[in-house]
Amino acid sequence: MASQFITAQQLTADLARLGVAGGDVVMVHAACSRVGPVMGGPDAIITALRDAVGPDGTLMAYLDWEADWEDFKDEHGRIPDALRPHVLPFDPARTRAARQNGALPEFLRTTPGARRSGNPGASVTALGPKADWLTADHPLNYGYGPGTPLARLVETSGKVLMLGAPRDTMTLLHHAEHLARLPGKRVVRVEVPFATAQGTVWRMIEEFDTSHPCVTALPKDFIDRIVTDYLATGAGRQGQVGQAPSVLVEAADIVPFAVAWMERAAG
């Protein structure tokens, strides 16, 4: 019966073979079900990741949040007055990750010692020695650009691990999308409620549209195509972690590749 399960120790060994090493800063996207029947579930996957990066390493994951009320915003990004009292405000300590990102981000966010950045839609969680630095002072406007956790992941020579996750979920490439010189980028503005000691405070936030390619010249599947083309050059690492086909890339290498790819595609 025990042989039917995958252990955290097995996952740690697989991660090491893929190239995750002690001291690494790793942003992870995971499809936990694809990893297989892991003894201990997402908590065991986090244990394996923490063991792979060691005490000097840091894990990071993209959270976002549930903001379905944004569907009711008007052309100026304002939320109707009748709806506002019923919208739960963003609280970095309590607001859960968007469900569409899978189980792992919320499990990591609620692991003792984890930190969370303060931009609702672009928020990340981090755990490890660099967690405070990665998540601090996350700009509310343009939360994927300079000065953000994604920019710091590049700065610290971090890695991105796609643990069975679809390639088009690599959030780091929204940072490249921000940096790329693409004429006519779509900008979205929306009011967001924040929890404060004085009650809910609404603030207008501005961002390039990350729900679609920010310019029409980019194909809808541009992130998947960028990752695929990047791996085709021989860069990055591919392998199996548990039962999940996985990819590991260097953040500081794939971002300029992605910027150049987008600028060619949109040119």
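Refer to the structure printed above.
Being a predicted model, the structure only gives us computed values, none of them experimental.

(A) Fine view of the overall build of the protein chain. The helix and strand tally for the protein chain stands at 9 helices and 9 strands. Rg of the C-alpha trace for the protein chain: 19 Å, near the compact-globule value of 18 Å for 267 residues, within the 12% margin. With respect to the principal axes defined by its C-alpha atoms, the protein chain has extents near 55 × 45 × 30 Å. Across the protein chain, contacts joining residues at least 24 apart in sequence account for 70% of those joining residues at least 6 apart.

(B) Layout of the packing of aromatic side chains. Evaluated as defined, the whole model comprises 6 aromatic pairs. Judged by centre distance (5.4 Å) and plane angle (75 degrees), the ring pair of tryptophan 65 and phenylalanine 90 falls under edge-to-face. Here tryptophan 65, found in the loop between β2 (58-62) and α4 (104-109), pairs with phenylalanine 90, found in the loop between β2 and α4; they are 25 residues apart in sequence, far enough to count as distant. The pair tryptophan 65 / phenylalanine 90 is uniform in exposure class, with both members buried. For the pair tryptophan 69 and tryptophan 202, a centre-to-centre distance of 5.9 Å together with 80 degrees between the ring planes defines the contact as edge-to-face. Here the residue tryptophan 69 occupies a position in the loop between β2 and α4, and tryptophan 202 occupies one in strand β7 (residues 199-208), the gap between them amounting to 133 residues. On the accessibility criterion, tryptophan 202 (19% relative accessible area) is buried.

(C) Here's a closer look at the pairing of β2. With 5 of 5 residues buried, β2 is to be regarded as a mostly interior element. Here β2 shows a buried face lined by Thr58, Met60 and Tyr62 and a second buried face lined by Leu59 and Ala61. Summarising the sheet, strand β1 (residues 25-30) and β2 pair through 3 bridges and their orientation is parallel. Looking across to β2, one finds that valine 25 is bridged to threonine 58. Bridge count between β2 and strand β4 (residues 124-127): 4 bridges; the pairing is antiparallel. By the bridge assignment for β4, tyrosine 62 is matched with valine 124.

(D) Seen up close, the sheet that holds strand β3 (residues 115-116). Read from one edge of the open sheet, 7 strands run β3-β4-β2-β1-β5-β9-β8, paired in mixed fashion. Across the chains shown, the open sheet's two edge strands, defined by having one partner strand only, are β3 and β8 (237-241). Across 5 bridges, β1 lies against strand β5 (residues 159-163) in parallel orientation. Across the sheet, methionine 27 pairs through a bridge with valine 160, a residue of β5.

(E) Spatial organisation of the side chain of aspartate 64. For aspartate 64, the position within the fold is in the loop between β2 and α4. Look past the residues within four positions of aspartate 64 in its chain and what remains in contact with it is Arg96, Ala97, Ala98, Gln100, Asn101, Arg116, Pro120, Gly121 and Ser123.

(F) Main features of the side chain of serine 123. Inspection of the secondary structure puts serine 123 in the loop between β3 and β4. Assessed through its relative accessible area of 0%, serine 123 is described here as buried. Those residues in contact with serine 123, other than ones at most four positions away along the chain, are Tyr62, Leu63, Asp64, Arg116, Ser117 and His138.

What counts, and at which threshold
Residues numbered from 1 in each chain as written. Predicted model: local features only at pLDDT ≥ 70, side-chain atom pairs only at ≥ 80, totals over all residues. Heavy atoms only, no water. Helix = DSSP H or I, 4+ residues; strand = E, 2+ residues; numbered from the N terminus. Rg over C-alpha atoms; globule rule 2.2 N^0.38 Å. Contact = heavy atoms within 4.5 Å. Phe/Tyr/Trp six-rings, centres within 6.5 Å; stacked < 30°, edge-to-face > 60°. Buried < 20%, exposed > 50% of the residue type's maximum accessible area, 1.4 Å probe, protein only. Pairing = 2+ DSSP bridges.

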